[in-house]
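One-letter residues, chain by chain:
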Amino acid sequence: MRGVWTVEQVTAAEDRLLARTPDGALMRKAAFGVALAAARTGARHVVLLVGAGNNGGDALWAGAFLRRRGVRVTAVLLAPDRAHPAGLTALRRAGGRVVGVDDAPIEQADLVIDGIVGLQARGGLRPDAAALVDRVASPILAVDLPSGVDPDTGVVHEPAVRADLTVTFGCLKPVHVLADCGRVELVDIGLGPELPAPSLRVLEAADVLAAWRFPGPKDDKYTQGVTGVAAGSSTYPGAAVLATSAAVLATSGMVRYAGSAADEVRGVWPEVVATGSVEDAGRVQAWVVGPGLGTGSSSVEVLRRLLGEGVPLCVDADGITMLAQHPDLWDARDPETPVVITPHDREFARIAGHEVGDDRVAATRGLAKRLNAVVLLKGNTTVIADPDGRVIVNKASSSWAATAGSGDVLSGIIGAVLAGGADPATAAGAAAWLHDRAATLAADGVPTSASRIAAAIPDALRAIR
Ligand SMILES: NC(=O)C1=CN([C@@H]2O[C@H](COP(=O)(O)OP(=O)(O)OC[C@H]3O[C@@H](n4cnc5c(N)ncnc54)[C@H](OP(=O)(O)O)[C@@H]3O)[C@@H](O)[C@H]2O)[C@@H](O)CC1
Ligand SMILES: Nc1ncnc2c1ncn2[C@@H]1O[C@H](COP(=O)(O)OP(=O)(O)O)[C@@H](O)[C@H]1O
Ligand SMILES: [K+]
């Protein structure tokens, strides 16, 4: 698990650290990390874009360190009268060139270092900086974060820097897990002891494995948690097959299916115990309800019944629409029963009553609190919030999951991990993580499909075991 801290948290922690550190030491440490990363690219001529604040100071000091390694360095000052004085002196002493915007040798650079703005960034690049960035053809190394991207929300305010590499300091900030920053390198500046509990968490392979249930010597088909799937309809039998496939491949115990696509499901998965209705389904340890189910009165009754069963639920797709249309459905649920809902943006707007907006983390957190449920907001970056305000963020390793039916696969995986007994937010996070890896594996660089993403679940798991 990796932590992520907001600008407010980082700034407060930095203030405490600065108070017990010699003047300028932190910036030099940070800048040295930038210089090392820049040197590793092999660039022989580095152009620094230097803004008004400490982010520009980092760039100037990095330039001074690079000069000592014999690299040609030109600093372009965007705000000449506000450039970091000590950084500027250090660069000049080391033999770096300093120019104004009109003389920027952007086209001659092997590497451009973006020190335009860092944690205090507000809005997109200003016109003079934007004009320079527009001319860049070399790789860009962003200091702390790509300028023009909001540090806390990851919103890209165009025009913004597109970084190949971002070197950040002390800890990850939300921008690094919510937006494209290229490769992210973290330089230790000793901030750790000053940091409070993280605002967001990012799961790693070990966390995903820990959430999964694998059979032991004492297990049988029931003890690992039985997953129930209530999905599909005569119009959408495929959703039933996809969600069930994912549950089957993510679980080694048992999967039950209940609904009108029982024949289709049995045809693909003879091992699934399939029935026509939830009344006949038998006991399960978690339900997946909603994909392709329809929103008619019989579907509403299915959802009402399952919400009242007292086992964890993953409510997806039509299930979310029904919860939006019939808020009284929540009354069927004991508040202690874990519920995970998995909206995409349009479903989110339906159930929340407002658009997601720019701050996806705040929006997800707000809805989770209001509904007393875990909310998993889909997208290239998946945001998972629990009612207590804890948030897990999963940035996709590729965009191949953006294919019809892949959400049905995700809900099947969530159901399987929930049935195994994982805490609901961790189950949702681990499932999102694995779903992304399965999509990347299934695609292997060319278009894939939801069935293939499901089929890649075992390989995605095997790769981390
Ligand atoms: N503190 C520490 O311990 C350490 C800090 N470190 C470093 O300091 C960085 C934070 O530095 P910081 O606080 O000086 O602010 P920073 O982001 O450089 O902004 C400066 C000014 O830019 C302006 N501006 C705003 N938006 C803009 C835009 N879109 N486009 C252009 N300009 C814009 C705005 O001024 P304005 O022009 O609006 O008056 C703002 O006040 C941090 O990211 C890290 O790199 C490291 O050395 C490690 C130790
Ligand atoms: N651009 C993207 N990059 C990575 N993953 C994506 C992207 N767009 C969507 N996804 C993922 O694909 C899945 C799509 O789910 P959903 O929208 O419910 O599709 P469907 O309803 O067709 O099953 C979600 O897991 C979502 O996070
Ligand atoms: K920057």
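Residues numbered from 1 in each chain as written. Chains lettered and ligands numbered in written order. Predicted model: local features only at pLDDT ≥ 70, side-chain atom pairs only at ≥ 80, totals over all residues.

### Observations concerning the overall build of the protein chain
Working step 1: When helices and strands are counted, the protein chain shows 17 helices and 18 strands.
Working step 2: Considered along the principal axes of its C-alpha atoms, the protein chain spans approximately 80 × 45 × 40 Å.
Working step 3: Within the protein chain, buried positions represent 54% of all 465 residues.
Working step 4: Within the protein chain, contacts between residues at least 6 apart in sequence are counted, and of these 71% link residues at least 24 apart. (Helix = DSSP H or I, 4+ residues; strand = E, 2+ residues; numbered from the N terminus. Buried ≥ 20, exposed ≤ 12 C-beta atoms within 10 Å, placed from the backbone. Contact = placed C-beta atoms within 7 Å.)

### Notes on the UniProt feature "binding site: K(+)" (unreviewed entry) in the protein chain
Working step 1: With numbering matched to this structure, UniProt assigns "binding site: K(+)" (unreviewed entry) to N55, D114 and S147. What stands out for the annotated residues spanning 93 residues is how close their C-alpha atoms remain, the widest pair being 9.8 Å apart.
Working step 2: The topology assignment puts N55 in helix 3 (residues 54-68).
Working step 3: On the basis of neighbour counts, which here come to 25 C-beta atoms within 10 Å, the residue N55 falls in the buried class.
Working step 4: Under the C-beta neighbour-count criterion, S147 is labelled buried, with 29 such atoms within 10 Å. (UniProt positions renumbered as here; feature names shortened; annotations may be inferred.)

### A look at the site of ligand 2
Working step 1: K378, S399, A401, A402 and G407 are the nearest of the 17 residues found near ligand 2.
Working step 2: A per-element tally of the shell around ligand 2 places helix 14 (residues 406-419) first, with 4 residues.
Working step 3: Residues that form the shell around ligand 2 fall into these classes: 6 nonpolar, 9 polar and 2 charged. (Near = placed C-beta within 6 Å. Nonpolar A, V, L, I, M, F, W, Y, C, P; charged D, E, K, R; others polar.)

### Quick notes on the environment of L306
Working step 1: Structurally, L306 can be placed in helix 10 (residues 297-307).
Working step 2: Judged by local crowding, L306 falls into the buried class, with 26 C-beta atoms found within 10 Å.
Working step 3: The spacing of L306 and V288 is 18 residues in sequence and 9.4 Å in space, taken between C-alpha atoms.
Working step 4: Contacts of L306, omitting those with residues within four sequence positions, involve A230, V278, W287, V289 and L313.

### Some remarks on the UniProt feature "binding site: AMP" (unreviewed entry) in the protein chain
Working step 1: As annotated in UniProt, the feature "binding site: AMP" (unreviewed entry) corresponds to K378, G379, N380, T381, T382 and G407 in the numbering used here. The greatest C-alpha distance among the annotated residues, which extend across 30 residues, is 13.9 Å, indicating that they converge on a single site.
Working step 2: Locating T381 in the fold gives a position in strand 17 (residues 381-385).
Working step 3: Not counting residues within four places of it along the chain, the set of residues in contact with T381 comprises L178, V393, N394, K395 and A396.
Working step 4: Mapped onto the elements, T382 comes out in strand 17.
Working step 5: Residue classification places T382 among the buried positions, given that 25 C-beta atoms sit within 10 Å.
Working step 6: Those residues in contact with T382, other than ones at most four positions away along the chain, are L376, L377, N394 and A432.

### Topic: the packing of helix 15 (residues 424-443) against helix 17 (residues 457-464)
Working step 1: At a minimum axis separation of 8 Å, helix 15 and helix 17 run at an interaxial angle of 110°. Relative to helix 17, helix 15 is oriented roughly perpendicular. Residue-level contacts link L434, R437, A438 and L441 of helix 15 to I457, D459, A460, L461 and A463 of helix 17.
Working step 2: When the residues that make up the contact of helix 15 with helix 17 are grouped by side-chain class, the tally is 7 nonpolar, no polar and 2 charged. (Axes fitted to C-alpha atoms, helices over the stretch in contact; angles between N-to-C directions. Parallel < 35°, antiparallel > 145°, perpendicular 65-115°, else oblique.)

### Describing the sheet that holds strand 4 (residues 97-99)
Two orientations exist for strands paired in a sheet by backbone hydrogen bonds: parallel and antiparallel.
Working step 1: Pairing is parallel in the open sheet, where 7 strands are placed in the order 4-3-2-5-6-7-8. Each edge of the sheet is formed by a strand with only one pairing partner; in this case those strands are strand 4 and strand 8 (183-187). Pairwise comparison of adjacent strand axes, ignoring direction, gives a mean angle of 20° for this sheet.
Working step 2: Where strand 2 (residues 45-50) and strand 5 (residues 111-115) come together, 5 bridges link them in parallel fashion. For V46, the partnering residue across the bridge sits in strand 5 and is L111.
Working step 3: Against the sheet, helix 3 engages strand 2, strand 3 (72-77), strand 5 and strand 6 (140-143), with an angle of about 160° to strand 2. (Pairing = 2+ DSSP bridges.)

### Here's the deal with unusual backbone geometry
Working step 1: Here the residue pair E158 and P159 is connected by a cis peptide bond, since its omega of -5° sits within 30 degrees of zero.
Working step 2: Its identity as a non-glycine residue notwithstanding, D144 has a phi of 70°, on the positive side.
Working step 3: Of note, D144 is situated in the loop between strand 6 and strand 7 (165-169).
Working step 4: Despite not being glycine, D444 has its phi angle at roughly 45°, a positive value.
Working step 5: Structurally, the position occupied by D444 is in the loop between helix 15 and helix 16 (450-455).

### Remarks on the pairing of strand 11 (residues 254-258)
Working step 1: The buried fraction of strand 11 is high, at 5 of 5 residues.
Working step 2: The alternating pattern of strand 11 places M254, R256 and A258 and V255 and Y257 on opposite faces, both of which are buried.
Working step 3: With 4 bridges connecting them, strand 10 (residues 226-230) and strand 11 associate as parallel partners. Along strand 11, the bridge assignment pairs V229 with Y257.
Working step 4: With 3 bridges connecting them, strand 11 and strand 12 (residues 273-275) associate as parallel partners. Pairing of A258 across the sheet is with T275, part of strand 12.

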